[in-house]
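Spelled out, the chains give:
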Amino acid sequence: MLTVAADIDVLVRFGRALADPIRCRILLALREAPAYPADLADMLGVSRTRLSNHLACLRDCGLVVTVPDGRRTRYELADERLGHALEDLLSAVVAVAEDRTCADAATEGCC
């Protein structure tokens, strides 16, 4: 069955978000609990400016949302199903990686 263009676009945006290690770390942190940007920056060891740029990307991709909290703004995953999807994806990728040998990885040359 062919996938509609809108589905492909959504997957491409998700892949683009996951293509950066800092964005992956942000998503995994938000999977655990909502957080404030300053706390995320400290937790991940990145500048607040750099974190802000990554959060903007994740907002543009529709993966995170802002929640006003008094004078502060909290970030969380846009949908709780994203947390489950990240867990499932991580579990599947780790399982596949564990099954591969170093020789397999060297000959394929993809990643």
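What you see is a predicted model; the values in this text were computed from it and never measured.

## Some words on the overall build of the protein
In terms of regular secondary structure, the protein is built from six helices and two strands. The N-to-C order of helical and strand elements in the protein reads α-α-α-α-β-β-α-α. Once local pairs closer than 6 in sequence are excluded, the contacts in the protein between residues at least 24 apart make up 50%. When the accessible surface of the protein is split by element, carbon and sulfur atoms take 56% of a total near 7,700 Å².

## As for the pattern of salt bridges
Counted under the stated rule, the structure contains seven salt bridges. A salt bridge links Arg-72 to Asp-39, with the shortest nitrogen-to-oxygen separation between them at 3.9 Å. You can see Arg-72 sitting in strand β2 (residues 72–77) and its partner Asp-39 sitting in helix α3 (residues 37–44), a full 33 residues away along the chain. Assessed through its relative accessible area of 41%, Arg-72 is described here as partly exposed. For Asp-39, a relative accessible area of 39% corresponds to the partly exposed category. Note that Glu-76 and Arg-74 form a salt bridge whose closest N and O atoms lie 3.7 Å from each other. The class of Arg-74 is partly exposed, set by a relative accessible area of 22%. Residues joined in a network through salt bridges with shared partners are Arg-31, Glu-32 and Glu-87.

## Looking at the pairing of strand β1 (residues 64–69)
As paired strands, β1 and β2 are joined by six bridges and run antiparallel to one another. When the bridges of β2 are listed, Val-65 appears paired with Glu-76. Turn length for the β1-β2 hairpin, with the two strands adjacent in sequence and antiparallel, is two residues, and the turn residue Gly-70 shows positive phi of about 65°.

## Some remarks on the state of the cysteines
Considering all chains together, one arrives at zero disulfides under this definition. Free cysteine: Cys-61, not disulfide-bonded; nearest cysteine sulfur from Cys-57 at 4.3 Å. Using a relative accessible area of 11% as the deciding quantity, one classes Cys-61 as buried.

## Looking at the side chain of His-54
Relative to the assigned elements, His-54 resides in helix α4 (residues 48–60). At 3.3 Å, the side chain of His-54 forms a polar contact with the side chain of Arg-23. Sequence-distant contacts of His-54, that is, excluding residues within four places in its chain, are made with Asp-20, Ile-22, Arg-23 and Ile-26.

## Quick look at the packing of aromatic side chains
Here a ring pair, both rings aromatic, is described through the centre-centre distance and the interplanar angle of the planes. A complete count under the given rule lists zero aromatic pairs for this structure. Seen from the ring of Tyr-36, Arg-72 lies directly overhead, with NZ or CZ sitting 3.6 Å from the centre.

## Comments concerning the nonpolar core
Core analysis: the largest hydrophobic core is formed by 22 residues, its most contacted members being Ile-26, Leu-30 and Leu-51. When residues of this core are traced back to their parent elements, those giving at least two are α2 (21–32), α3, α4, β2 and α5 (80–99). With five residues, the single largest contributor to this core is α2. Sequence-distant contacts of Leu-30, that is, excluding residues within four places in its chain, are made with Ala-35, Leu-40, Val-64, Tyr-75, Glu-76 and Leu-77.

Basis of the calculations
Residues numbered from 1 in each chain as written. Predicted model: local features only at pLDDT ≥ 70, side-chain atom pairs only at ≥ 80, totals over all residues. Heavy atoms only, no water. Helix = DSSP H or I, 4+ residues; strand = E, 2+ residues; numbered from the N terminus. Contact = heavy atoms within 4.5 Å. Areas by Shrake-Rupley, 256 points an atom, 1.4 Å probe, with all protein chains shown as cover. Salt bridge = Lys/Arg side-chain N within 4 Å of Asp/Glu carboxyl O. Buried < 20%, exposed > 50% of the residue type's maximum accessible area, 1.4 Å probe, protein only. Pairing = 2+ DSSP bridges. Disulfide = S-S within 2.5 Å. Polar contact = N/O pair within 3.5 Å; in protein donor to acceptor, adjacent residues only side chain to side chain. Phe/Tyr/Trp six-rings, centres within 6.5 Å; stacked < 30°, edge-to-face > 60°. Lys NZ or Arg CZ within 6 Å of the ring centre and 35° of its normal. Core = buried A, V, L, I, M, F, W, Y, C linked by side-chain atoms within 4.5 Å.

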